[in-house]
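Single-letter residue listing:
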Amino acid sequence: MSTLTPEILSTLEGQAIELPSWAFGNSGTRFRVFPTAGTPRDPFEKIADAAQVHRLTALAPTVALHIPWDLVDDFGALRRHAEDFGVKLGTVNSNTFQDEDYKFGALTHHDERIRRKAIDHHLDCIDVMDATGSRDLKIWLAEGSNYPGQNDMRGRQDRLQDSLQQIYARLGDDQRLVLEYKFFEPSFYHTDVPDWGTSYAQVAALGDKALVCLDTGHHAPGTNIEFIVMQLLRLGKLGSFDFNSRFYADDDLIVGAADPFQLFRILTEVVRGGGLNNPDVAFMLDQCHNIEDKIPGQIRSVLNVQEMTARALLVDRDALTAAQHANDVLAANAVLMDAFYTDVRPALAEWRESRGLPADPMAAFAASGYLPRIAEERVGGTQAGWGA
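Residues numbered from 1 in each chain as written. Predicted model: local features only at pLDDT ≥ 70, side-chain atom pairs only at ≥ 80, totals over all residues. Heavy atoms only, no water.

Details of the sheet that holds strand β8 (residues 176–180)
Strand pairing in a sheet is mediated by backbone hydrogen bonds. Such pairs are either parallel or antiparallel. Taking strand neighbours across the sheet as the criterion, the 8 strands line up as β1-β4-β5-β6-β8-β10-β11-β12 in an open arrangement whose pairing is parallel. Looking at which strands have only one partner, the edges of the open sheet turn out to be β1 (19–20) and β12 (282–285). With 2 bridges connecting them, strand β5 (residues 88–93) and strand β6 (residues 136–139) associate as parallel partners. Counted as the bridge partner of N93 is K138 from β6. Packing against the sheet, helix α6 (residues 196–204) makes contact with β8 and β10 (210–215), and its axis sits at approximately 160° to β10. Packing of helix α7 (residues 225–235) onto the sheet brings it into contact with β10 and β11 (238–243), and relative to β10 it is tilted by some 165°. (Pairing = 2+ DSSP bridges. Helix = DSSP H or I, 4+ residues; strand = E, 2+ residues; numbered from the N terminus. Contact = heavy atoms within 4.5 Å. Axes fitted to C-alpha atoms, helices over the stretch in contact; angles between N-to-C directions.)

Re the pairing of β6
Across the two faces of β6 the burial is the same, with D136 and K138 and L137 and I139 all buried. With respect to chirality, the unit in which β5 leads through helix α4 (residues 112–132) into the neighbouring parallel β6 is right-handed. Pairing analysis gives 4 bridges linking β6 to β8, with the strands arranged parallel. When the sheet's bridge partners are listed, L137 is paired in β8 with L177. (Buried < 20%, exposed > 50% of the residue type's maximum accessible area, 1.4 Å probe, protein only. Right-handed = clockwise from strand over helix to strand, strands pointing away.)

Things to note about the pairing of β8
Each regular strand shows side chains that alternate between the opposite faces of the sheet. Taken across its 5 residues, β8 has 5 buried, putting it largely inside the fold. Side chains of β8 alternate between two faces, with R176, V178 and E180 and L177 and L179 buried alike. Looking at chain direction, β8 and β10 are connected through 4 bridges and run parallel. By the bridge assignment for β10, E180 is matched with C213.

These values are about where atoms sit, not about what they do.
Structural data, given as structure tokens:
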């Protein structure tokens, strides 16, 4: 394992990537939701599927919930079920984008009845957090307008701040609010939280327990995402990542599928800014597996994050700093490229084996027989995922 030093391996051992429960349900596009054999019939089976990823990789110890998709009668029982499978329940995600009342807004709506309903939904989510032991409430708002003049944009920002203040006031001492942003879709003229600056402005007004969630697929083409990572880490306001990959818009593909070098650059800034294995910066996947099998798709993503983290840890910081101070452009770039082009996969496979894990988790899962078994056992599973 000469490629990776004991210090790097020790750092990698502490890495944790939260899985989204919805990645294991049926999902698709606005054209078609494609059912999958073995689809979970309830949140308990979603947890069981997510646990397979952690069992084979030791990278995914927590599972995020989405409310109301993951509503159960007894969240204490769901919590114990997760622990029996060797994982814990993590971030609770709210949902204000599938109710008829929210067609023209939720936390930003001018109708006080509808806004009150949306606020109360988030308070219910905090009740779920209390029962599951979750720390983070993550809010993504599918709110905005399609045409100039349709809405008072300033008024919507003011109402959003008031709504968030009410939600924030309900948080416990050890709980946090993380506000996600997305530059467009489903609204096309303006989005109420379109960028990191808007999210930062809103959470900065709330307090220390409010932070920004950065989804890697929620940016305009050409955006320098690693610059945003740097800035939010510098400001102490980067609360979490939603890792996925995109070619055109919010594609929610396997992490690193479209641009592995971008993932490397992001993780290089995470390492530089002290965000790696930092309890204040949560790593999570946010994916929509439309045509590929769900569990292998999640395994591939967490392994891709691990691999690019290892490469980011290989960056020779002393050499990079020296080249930067000397204004040696080519040498500085070469330091990054040398790390990026280093093939760490054999060393990671050997390291996994030394820890009692399969060298190739993808092959190990394929050989486990888990997919054929759940396909036979689970008949009629319709649990929702993104796009469902």
